[in-house]
Amino acid sequence: MSRYCQSDRLYRPAMREFGQRRQGSSRVQAIRDWVAQRITYAKNTSDSHSSAIDTPIQTVNVCRDFAHLMIALSPLNG
């Protein structure tokens, strides 16, 4: 687990949101769509301390934060 991608802390919410979906590309697409609908990109809106947990709270982040959130939600595809 990365300090930026706390999949252990996002496991339960991710299972509620995506657990009913079949594993694989359809689940990955659902995660991507969910992130894209809730997070807005804006330059200089986070720093090196931002993590996947912070991203949905702040709702405005940089591309790195989108990636961290998707990665943190992706262990569901294992």
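Anything mentioned here points back to the structure above.
Here is a short report on the structure shown in this document. (Residues numbered from 1 in each chain as written. Predicted model: local features only at pLDDT ≥ 70, side-chain atom pairs only at ≥ 80, totals over all residues. Heavy atoms only, no water.)

### Details of the packing of helix α2 (residues 25-38) against helix α4 (residues 63-73)
In helix packing, the relevant descriptors are the interaxial angle and the interaxial distance, both defined with respect to the helix axes.
Now for step 1: At a closest axis distance of 10 Å, the pairing of α2 and α4 adopts a crossing angle of 140°. Taken as axis vectors, α2 and α4 run oblique relative to one another. For the pair α2 and α4, the sense of crossing is right-handed. Side by side, α2 and α4 meet where Val28, Ile31, Arg32, Trp34 and Val35 of the first sit next to Phe66, Leu69, Met70 and Leu73 of the second.
Now for step 2: For the contact of α2 with α4, the class distribution of residues is eight nonpolar, no polar and one charged. (Axes fitted to C-alpha atoms, helices over the stretch in contact; angles between N-to-C directions. Helix = DSSP H or I, 4+ residues; strand = E, 2+ residues; numbered from the N terminus. Parallel < 35°, antiparallel > 145°, perpendicular 65-115°, else oblique. Left-handed = near helix turned anticlockwise from the far one by under 90°. Contact = heavy atoms within 4.5 Å. Nonpolar A, V, L, I, M, F, W, Y, C, P; charged D, E, K, R; others polar.)

### Structural notes on the pattern of salt bridges
Side-chain pairs of opposite charge can arise whenever the charged atoms involved come near each other.
Now for step 1: Summed over all chains, the structure comprises two salt bridges.
Now for step 2: Between Asp33 and Arg32 there is a salt bridge; the shortest N-O distance is 2.7 Å.
Now for step 3: Since its relative accessible area comes to 26%, Asp33 is described here as partly exposed. (Salt bridge = Lys/Arg side-chain N within 4 Å of Asp/Glu carboxyl O. Buried < 20%, exposed > 50% of the residue type's maximum accessible area, 1.4 Å probe, protein only.)

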